[in-house]
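Here's the letter readout for the chains.
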Amino acid sequence: MTSSDGLAESSETEHSIEPMRMGESEHGLSIDLVDDAAMSVVQGLADAGFQALLVGGCVRDMLLGIVPKDFDVATNATPEQVRATFRRARLVGRRFRIAHVRFGRETIEVSTFRRQVEDEDVVHDHSRRELRDRDSARSVDGMILRDNVYGTLDEDAFRRDFTINALYYDPIERTLIDYVSGLADLRARRLTLIGDPNVRFREDPVRILRAIRFATKLGFDIEATTDAAIPSAAYMINAVAPPRLFDELCKLLLQGHAKGAWDMLQRYELADALFPDHNTSSRSLEMIENAMAGTDQRVRDDKPVTPGFLIAVLLWDSYRERLAQHSDAMPLVEARESASTEVLRDQNEIAAVPKRFAQFVRETWLLQPRLEMPHGKGIAQFVSHPRFRAAYDFLLLRAMVGEVEQELADWWTNYQAADDEQRNTMSGALGPGKSKRKRRRRRGGS
């Protein structure tokens with residue numbers, strides 16, 4: 001039953017049970033870890049007469065003693081009521097409508113309590129026209145397409161994904177609320193899906209990637225029943241909207257545990273589904289693993305990372321194969337452009353790579369021939385190219401697996417470390433005959 005304001009009435013529900021409510025001495029969560037902006041949102045909603053609690057990853061991390069990067073608030077206020085409560089709030093999302101409340105440069109995500117999408121909400125046509133007037137909808141395969149039916153706190157707890165993400169914290173009362181034994185799983189370092197894993201993974205296949213992300217990030221084990229359900233639902237991963245799938249891949253591979261995540265993607269046979277054109281030769285896999293490990297090290301060193309670099313590595317062999325197909329039919333420069341465009345176009349059908357990252361990938365590939373055949377003239381200017389460093393790092397990966405000679409990689413390393421006089425000497429030592437021989441030997445290879 002739903003009230004006139006769009007919220008489910010708080011009468012008895014199928015999940016209407018008494019949760020565990022723990023005080024500060026029991027849960028041990030430090031209030032000092034709560035962000036000022038998040039506290040202001042909770043207090044503002046409470047002052048307006050609404051229930052508001054911190055939920056999800058921020059509560060999980062605080063219980064682990066980790067300072068959260070983001071704070072999420074769950075409330076019985078509708079998105080429109082949240083917007084009316086805060087001057088700097090805006091509504092976002094169609095599939096899952098929420099409010100973003102701005103405090104300076106920080107954004108607090110506020111979601112309304114929701115209930116589970118019902119079986120009678122199945123739709124056969126996923127067009128925007130059919131979904132336009134629906135608050136909730138699921139596909140014939142069981143995947144949730146729209147989830148905007150509001151509910152009560154207990155309904156909200158049981159529709160969340162993992163038990164460790166279904167913990168609520170009231171920072172005003174300093175009380176932890178646990179409906180699903182999430183605290184016990186957290187202390188056991190165990191990742192458990194709420195409900196029937198076979199159903200829950202089909203509802204949202206992205207939960208598979210989230211399971212891998214949390215397992216690798218937190219060092220948790222995936223509970224046996226949850227783990228066993230992944231293979232049968234993995235085929236649905238390509239039904240996820242390509243832009244959303246790319247966002248989830250970024251979260252998975254740029255958190256500092258890309259190597260472990262890649263290993264799990266291969267174990268669940270998801271690597272082929274996400275990157276069907278990636279080569280599975282031992283050399284290619286070694287290059288991918290080295291790139292993942294390098295990305296993890298950059299995260300640990302607090303250096304910038306970009307998904308474009310990993311995409312370039314994952315699709316490199318596919319690009320080279322397309323280039324070989326085109327190089328006999330068109331000029332080499334045109335063949336390179338065509339090959340890069342085609343490979344990225346095909347990948348976009350699965351996980352949509354935004355234009356800025358696609359351009360990064362393309363330039364990293366297209367600069368490889370200039371690194372392979374250094375000419376004295378123009379080298380100093382080439383080193384100042386905005387994408388030179390990424391292309392050079394890519395060359396180092398290729399040298400590590402024997403695709404190019406280590407001597408070439410060392411030359412570029414030494415050139416960058418040299419002073420102006422040494423650079424002039426190194427450039428002058430490059431003979432045109434040597435470059436021509438390289439061009440003939442490696443024509444069409446990169």
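Residues numbered from 1 in each chain as written. Predicted model: local features only at pLDDT ≥ 70, side-chain atom pairs only at ≥ 80, totals over all residues. Heavy atoms only, no water.

1. Digging into the overall build of the protein chain
- A count of helices and strands for the protein chain gives 24 helices and 12 strands.
- With 446 residues in all, the protein chain has 52% of them scored as buried.
- Summarising the internal contacts of the protein chain: among those between residues at least 6 apart in sequence, 67% fall at separations of at least 24.
- Working note: accessible area of the protein chain is about 21,300 Å², and carbon and sulfur atoms make up 46% of it. (Helix = DSSP H or I, 4+ residues; strand = E, 2+ residues; numbered from the N terminus. Buried < 20%, exposed > 50% of the residue type's maximum accessible area, 1.4 Å probe, protein only. Contact = heavy atoms within 4.5 Å. Areas by Shrake-Rupley, 256 points an atom, 1.4 Å probe, with all protein chains shown as cover.)

2. Digging into the packing of helix α22 (residues 406-417) against helix α23 (residues 420-428)
- Orientation of α22 relative to α23, taken along the N-to-C sense of each, is 150°, at an axis distance of 8 Å. One element, α22, and the other, α23, form an angle in the roughly antiparallel class. Here Trp411, Asn414, Tyr415 and Gln416 of α22 lie close against α23, whose contacting residues are Arg423, Met426 and Ser427.
- Per-class residue counts for the contact of α22 with α23 are 3 nonpolar, 3 polar and 1 charged. (Axes fitted to C-alpha atoms, helices over the stretch in contact; angles between N-to-C directions. Parallel < 35°, antiparallel > 145°, perpendicular 65-115°, else oblique. Nonpolar A, V, L, I, M, F, W, Y, C, P; charged D, E, K, R; others polar.)

3. Description of the layout of surface pockets
- In this structure, the second largest pocket occupies an estimated 540 Å³ of space.
- Taken together, 21 residues make up the lining of the second largest pocket; nearest its centre are Gly294, Arg298, Pro304, Phe309 and Asp393.
- The set of elements that each furnish at least two residues to the lining of the second largest pocket consists of α14 (282-300) and α21 (388-400).
- Class assignment for the residues of the lining of the second largest pocket results in 10 nonpolar, 5 polar and 6 charged. (1 Å grid on protein atoms, 1.4 Å probe; cavity = no way out; pocket = protein on both sides within 12 Å on 5 of 7 lines; lining within 4 Å. Points joined across faces, edges and corners; volume = space filled by probe spheres on them.)

4. Considering empty space enclosed by the protein
- Applying the stated criterion to the full structure yields 1 cavity of 30 Å³ or more.
- Looking at the largest cavity, the residues that line it are Phe246, Leu249, Cys250, Leu253, Phe275, Pro307, Leu310 and Ile311.
- Counting residues per element, the ones that place at least two in the lining of the largest cavity are α11 (242-253) and α15 (307-314).
- Ranked by residues supplied to the lining of the largest cavity, first place goes to α11 with 4 residues.
- A class-by-class count of the residues in the lining of the largest cavity yields 8 nonpolar, no polar and no charged.

5. Focus: the pattern of salt bridges
- In the structure shown here, the tally under the stated rule is 25 salt bridges.
- Here Glu24 ties to Arg174 by a salt bridge, and the two come within 3.7 Å at their closest N and O atoms. Placement of Glu24 in helix α1 (residues 24-27) and of Arg174 in the loop between β9 (167-170) and β10 (175-178) is noted, with a sequence separation of 150 residues between them.
- Assessed through its relative accessible area of 35%, Glu24 is described here as partly exposed.
- Given a relative accessible area of 35%, Arg174 falls into the partly exposed group. (Salt bridge = Lys/Arg side-chain N within 4 Å of Asp/Glu carboxyl O.)

6. Considerations on the confidence of the model for the protein chain
- Averaged over all residues, the pLDDT of the protein chain is 87; the fraction at 70 or higher stands at 85%.
- Of the regions scoring below 50 in pLDDT, residues 122-138 engages in 47 contacts with residues more than four places distant in sequence or in other chains.
- Every residue in residues 433-445 scores below 50 in pLDDT, and together they form 19 contacts with partners more than four places removed in sequence or on other chains. (pLDDT = per-residue confidence, 0-100.)

7. Examining the nonpolar core
- Counting residues in hydrophobic clusters, the biggest one holds 100 residues, and the most contacted among them are Leu54 and Trp365.
- With 8 residues, helix α9 (residues 206-218) is the largest single contributor of residues to this core.
- Beyond its immediate stretch of four places on either side in the chain, Leu54 contacts Val34, Ala38, Val42, Val59, Met62, Phe71, Asp72, Val73, Leu167, Tyr168, Tyr169 and Pro171.
- Membership of the second largest hydrophobic core comes to 19 residues, among which are Ala409, Trp412, Tyr415 and Met426. (Core = buried A, V, L, I, M, F, W, Y, C linked by side-chain atoms within 4.5 Å.)

8. Quick word on the pairing of β9
- Both faces of β9 are covered, namely the face carrying Leu167 and Tyr169 and the face carrying Tyr168 and Asp170.
- By the bridge criterion, 4 bridges tie β9 to β10 in an arrangement that is antiparallel. When the sheet's bridge partners are listed, Asp170 is paired in β10 with Thr175.
- Turn length for the β9-β10 hairpin, with the two strands adjacent in sequence and antiparallel, is 4 residues, and the turn residue Arg174 shows positive phi of about 60°. (Pairing = 2+ DSSP bridges.)

9. Some remarks on a positive patch on the surface
- Taken together, the side chains of Arg87, Arg88, Arg90 and Arg102 present a region of like positive charge at the surface.
- Mapping Arg87 onto the fold places it in the loop between α4 (79-85) and β4 (89-92).
- When its relative accessible area of 78% is taken as the criterion, Arg87 is described as exposed. (Patch = residues over 30% accessible without salt bridge, like charges linked within 9 Å, V, L, I, M, F, W, Y side chains within 5 Å. Lys, Arg positive; Asp, Glu negative; His and termini not counted. Charge placed at Lys NZ, Arg CZ, Asp CG, Glu CD.)

10. What to know about helix α17 (residues 332-348)
- With 17 residues, α17 should cover 24 Å at 1.5 Å per step; its first-to-last C-alpha distance of 24 Å lies within 8% of that length.
- The complete set of buried residues in α17 reads Leu332, Ala335, Arg336, Ala339, Ser340, Glu342, Val343, Leu344 and Gln347. (Expected span 1.5 Å × (residues − 1).)

11. A word on the packing of aromatic side chains
- In the structure shown here, the tally under the stated rule is 14 aromatic pairs.
- Aromatic pair Phe158 and Tyr179: ring centres 6.3 Å apart, planes at 70°, arrangement edge-to-face. One end of the pair, Phe158, is in helix α6 (residues 153-159); the other, Tyr179, is in the loop between β10 and α7 (182-187), with 21 residues separating them in the sequence. Both residues of the pair, Phe158 and Tyr179, count as buried.
- Grouped by ring-pair contacts, the aromatic residues Phe382, Phe388, Tyr392, Trp411, Trp412 and Tyr415 constitute a single cluster.
- Taking NZ or CZ as reference, Arg267 lies 4.6 Å from the ring centre of Tyr268, over its face. (Phe/Tyr/Trp six-rings, centres within 6.5 Å; stacked < 30°, edge-to-face > 60°. Lys NZ or Arg CZ within 6 Å of the ring centre and 35° of its normal.)

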